[in-house]
Amino acid sequence: IYDYWDGERSSLLETPYFNIKPEEDYPQIVEANKRISRYIPRKINHPKYKNVSLSAALEFLSERDVGDFIIRPSSKGTDHLTITWKFYNDCFQHLDVREGPKNPSELVSKTLYIGDAKFESLEDIVERYIPVSYTHLRAHETGRNLVCRLLLEKKK
């Protein structure tokens, strides 16, 4: 994370207020997290749905075009789904989709929420939420202020 407040680039991670260490410093934790399955597989009939973990989703999307996404099970339980969306090279957004009440015979609730926004189906989210968010992101992109670029700099 970098601060451009005074016109100079200075790393916030180099200040005494932050003690953030890269994930690579803890290889045993990284490996353990990769082995643990934190989701319950579900049967959902949607072309973008895949029963994959976070790491598998990131690996899958890393080879895809910017703007592509998958819908996957959430580690928050069976009343949540996660949409993992590639919005820039090596930058991914994970959208928590909360399901409303559903009948036992339904695979997915007829009422879905992303934050306070209400949707009637996964297709409704695919048509209304993702393209609008992507367009909004691109409209506000500047060379200096794009959050993703800052995150990429932090990784290096």
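What you see is a predicted model, and the numbers here were worked out from it, not measured in a lab. (Residues numbered from 1 in each chain as written. Predicted model: local features only at pLDDT ≥ 70, side-chain atom pairs only at ≥ 80, totals over all residues. Heavy atoms only, no water.)

1. Let's talk about the overall build of the protein chain
The line we're drawing: Numbering of helices and strands runs from the N terminus; a helix is a DSSP stretch of H or I covering at least four residues, while a strand is a stretch of E covering at least two. The classification of residues rests on relative accessible area computed with a 1.4 Å probe and restricted to protein chains. Under 20% of the type maximum is buried, over 50% is exposed, and intermediate values are partly exposed. The criterion used for residue contact is that any of the two residues' heavy atoms lie within 4.5 Å. Here, Shrake-Rupley sampling with a 1.4 Å probe gives the accessible areas, and only protein chains in the shown set may cover a residue.
From N to C terminus, the protein chain includes 5 helices and 7 strands. Each helix and strand of the protein chain, ordered N terminal to C terminal, gives the series β-β-α-α-β-β-β-β-β-α-α-α. Buried positions account for 30% of the 156 residues belonging to the protein chain. Taking the contacts inside the protein chain whose residues are at least 6 apart along the sequence as the reference set, 35% of them involve residues at least 24 apart. Carbon and sulfur atoms form 52% of the exposed surface of the protein chain, whose accessible area is close to 10700 Å².

2. Some thoughts on the side chain of serine 109
Stated formally: Any N or O atom pair separated by 3.5 Å or less is treated as a polar contact, with the protein-specific requirement of one donor-capable and one acceptor-capable atom, and with residues adjacent in sequence counted only for side-chain atom pairs.
Within the secondary structure layout, serine 109 lies in the loop between β5 (91-99) and β6 (112-114). In terms of polar contacts, serine 109 uses its side chain to reach the backbone carbonyl oxygen of proline 101, at 3.1 Å. Those residues within four positions of serine 109 in sequence are excluded, and the remaining contacts are Glu99, Gly100, Pro101 and Lys102.

3. Concerning the packing of aromatic side chains
The geometry of an aromatic ring pair is captured by the separation of the ring centres together with the interplanar angle, meaning the angle of the planes. Filter applied, for reference: A pair of Phe, Tyr and Trp rings is counted when the ring centres sit within 6.5 Å of each other, with Trp represented by its six-membered ring. The angle between the planes then sorts it: under 30 degrees is stacked, over 60 is edge-to-face, the rest tilted.
Within the structure shown, the criterion is met by 1 aromatic pair. Judged by centre distance (6.0 Å) and plane angle (85°), the rings of phenylalanine 119 and tyrosine 129 are edge-to-face. Of this pair, phenylalanine 119 sits in strand β7 (residues 117-119) while tyrosine 129 sits in the loop between α3 (122-128) and α4 (130-139), placing them 10 residues apart in sequence. A residue is classified by how much of its surface remains accessible, and phenylalanine 119, at 3% relative accessible area, is buried. Since its relative accessible area comes to 24%, tyrosine 129 is described here as partly exposed.

4. As for the side chain of serine 74
Turning to its location among the elements, serine 74 is positioned in the loop between β3 (69-73) and β4 (80-88). Overall, serine 74 belongs to the buried group, its relative accessible area being 5%. Excluding anything up to four places from it in sequence, serine 74 contacts Arg38, Tyr39, His80, Leu81, Thr82 and Asp96.

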